[in-house]
Structure formats: C-alpha cells, structure tokens
Amino acid sequence: MCVGLSARVVGIRDGMALVDASGAKREISAQLLDDLEPGDYVMVHAGVAIAKIDGDDDDEADAVIGLL
C-alpha cells in the first residue's frame, strides 16, 4: 500500500517546496505541479508533491491517518 500525506506549502524555490505536515517541516520536489503557491495544500508521496488538494481534503486525510 502506498501512503500519501497532506501538507501545506510554506514556500517555493527552484522547483522545491517547503511544506508543513502537521508541524513537521521538510523540503519536497514541486516539479510536477505548475501553479503551486504558499498556502496551498498538496498530497506528498515519496518526497514529491503529486497533487494539489483543498483544505477539506487535508482535514479528511489527517483524520484517516489518525485512524491508522
């Protein structure tokens, strides 16, 4: 099973994004997504932002992870 984690974009520079995932900050690749801006939410898998999501999706993903 593959697990993607939701995170909020804090900053973007040179194809990389600094994200905050429930208080843990890390740098990930943002090269797959063209229109990313600070404040956006993304789904992260293997250190790569694979999809842009909305705040409701972020809340739902956090709830599901909390059940595991």
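Only a predicted model underlies this, so the values are computations on that prediction, with no experimental measurement involved.

Okay, the nonpolar core next. In this structure, Ala 7, Val 9, Ala 17, Val 19, Ile 28, Ala 30, Leu 33, Leu 36, Val 42, Val 44 and Ala 49 together form the largest nonpolar core, which totals 11 residues. Every element with two or more residues in this core is listed here: β1 (5-13), β2 (16-21) and β4 (41-45). Once residues lying within four places of it in the same chain are set aside, the contact partners of Val 42 are Leu 5, Ser 6, Ala 7, Val 9, Val 19, Ile 28, Leu 33, Leu 36, Ala 49, Ala 51, Lys 52 and Ile 53.

Further remarks concern the pattern of salt bridges. All told, the structure shown has three salt bridges when counted by the stated rule. Between Asp 20 and Lys 25 there is a salt bridge, with the nearest N and O atoms lying 3.9 Å from each other. Among the residues examined, Lys 25 registers a relative accessible area of 54% and is labelled exposed. Note that Lys 52 and Asp 40 form a salt bridge whose closest N and O atoms lie 3.3 Å from each other.

Quick look at unusual backbone geometry now. The backbone of Asp 14 shows a phi angle near 50°, a positive value even though the residue is not glycine. At Ser 22, a residue that is not glycine, the phi angle is positive and equals roughly 55°. Checked against the element boundaries, Ser 22 lands in the loop between β2 and β3 (24-29).

Rules behind the numbers
Residues numbered from 1 in each chain as written. Predicted model: local features only at pLDDT ≥ 70, side-chain atom pairs only at ≥ 80, totals over all residues. Heavy atoms only, no water. Core = buried A, V, L, I, M, F, W, Y, C linked by side-chain atoms within 4.5 Å. Buried < 20%, exposed > 50% of the residue type's maximum accessible area, 1.4 Å probe, protein only. Helix = DSSP H or I, 4+ residues; strand = E, 2+ residues; numbered from the N terminus. Contact = heavy atoms within 4.5 Å. Salt bridge = Lys/Arg side-chain N within 4 Å of Asp/Glu carboxyl O.

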